[in-house]
Amino acid sequence: MECILEANPMPEITWFRKDVPIKESPRISHECMRAKKHRFLLTLTIKNPTLQDGGMYRCNAFNPFGDSNANIDLNFESKYNNKYLT
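This one's a predicted model, so the numbers in the text were calculated from it and none came from an experiment.

Student: Account for the sheet that holds strand β2 (residues 12-17), naming residues and giving values.
Tutor: Spatially, the four strands line up as an open sheet ordered β3-β2-β6-β7, and their pairing is antiparallel. Because the sheet does not close on itself, it has two edges, and the strands there are β3 (20-21) and β7 (66-74).

So this is what it looks like as structure tokens:
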């Protein structure tokens, strides 16, 4: 998942899933890369995602001048029609 952010100074970034802060692990990582002078590319990577990883994610950026949020809904689609899954 990716978010693009413009901020100065560089903000503190926290990712959330269902209002719970996400901690990095061998399977989940996040990164903040400077794209331009005051623009950043924020990424959250989940290796081998499962259906349990689906749901609402939020990226929160905070610096002394305020905060900003972006929401991302991670959904999975089945290659089968739902009538075959019941």
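Picking up where we left off.
Student: Report on unusual backbone geometry, specifying residues and quantitative values.
Tutor: Residue proline 9 is reached from asparagine 8 by a cis peptide bond, and omega for that bond is 5°. Its place among the elements puts proline 9 in the loop between β1 (2-6) and β2. In the Ramachandran plot, aspartate 19 falls in the positive-phi region, its phi being about 65° despite a non-glycine side chain. Classification of aspartate 19 by relative accessible area gives exposed; the value is 61%. Positioned with a positive phi, asparagine 48 is a non-glycine residue whose angle comes to about 50°. As for its position among the elements, asparagine 48 is in the loop between β5 (39-46) and β6 (55-63). Under the relative-accessibility criterion, asparagine 48 is labelled exposed at 67%.

The rules behind these values
Residues numbered from 1 in each chain as written. Predicted model: local features only at pLDDT ≥ 70, side-chain atom pairs only at ≥ 80, totals over all residues. Heavy atoms only, no water. Pairing = 2+ DSSP bridges. Helix = DSSP H or I, 4+ residues; strand = E, 2+ residues; numbered from the N terminus. Buried < 20%, exposed > 50% of the residue type's maximum accessible area, 1.4 Å probe, protein only.

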